[in-house]
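Structural description and commentary
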Amino acid sequence: QLTLVESGGGLVQAGGSLRLSCLASGSAFDYYFMGWFRQAPGKERDFVATIARLGSTIYADSVKGRFTINRDNAKNAVYLQMNSLEPDDTAVYYCAASGSRPGVRQNDYDYWGQGTQVTVSS
């Protein structure tokens, strides 16, 4: 069982940067694959990035080269560094944990945080 809490969202101008954090409470954090998703108003929740137990990563095409996911198993934390932000990146960002695979679908994940709002102004 994991509880996930995101932080670090906010309002930023286009071209700026933000770093999201997700802290997990519970056991065996390093067992889980961790992911970030986002949901813009009126749209479905979309995959952003995922990181496997030993650090391999997968990114959505829309964020490749701009976003970086990493994890610190000693701190039970996963991060999303977001650079060169664009207005289309505006969304609620969710942290998720999977006990089975570094998936790109919502159904691959077992635990979810409450989300943190990111707003990018033009």
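Because the structure is predicted, anything quoted here is derived from the model rather than measured.

Considerations on the overall build of the chain
If you tally the helices and strands in the chain, you get 0 helices and 11 strands. What you see in the chain, going N to C, is helices and strands ordered as β-β-β-β-β-β-β-β-β-β-β. A compact globule built from 122 residues should have a C-alpha radius of gyration of about 14 Å, and the chain, at 13 Å, falls within 12% of that. Judged by the C-alpha coordinates and their principal axes, the chain covers about 40 × 25 × 25 Å. In the chain, which comprises 122 residues, the proportion classed as buried is 46%.

Remarks on the pairing of strand β3 (residues 18-26)
If a strand is regular, its side chains alternate between the two faces of the sheet. With 6 bridges joining them, strand β1 (residues 2-7) and β3 adopt antiparallel strand pairing. Bridging across to β3, L2 finds its partner in G26. Pairing of β3 with strand β8 (residues 77-82) involves 6 bridges; the strand directions are antiparallel. Bridging from a neighbouring strand, L20 pairs with L80 of β8.

Conventions we followed
- Residues numbered from 1 in each chain as written.
- Predicted model: local features only at pLDDT ≥ 70, side-chain atom pairs only at ≥ 80, totals over all residues.
- Heavy atoms only, no water.
- Helix = DSSP H or I, 4+ residues; strand = E, 2+ residues; numbered from the N terminus.
- Rg over C-alpha atoms; globule rule 2.2 N^0.38 Å.
- Buried < 20%, exposed > 50% of the residue type's maximum accessible area, 1.4 Å probe, protein only.
- Pairing = 2+ DSSP bridges.

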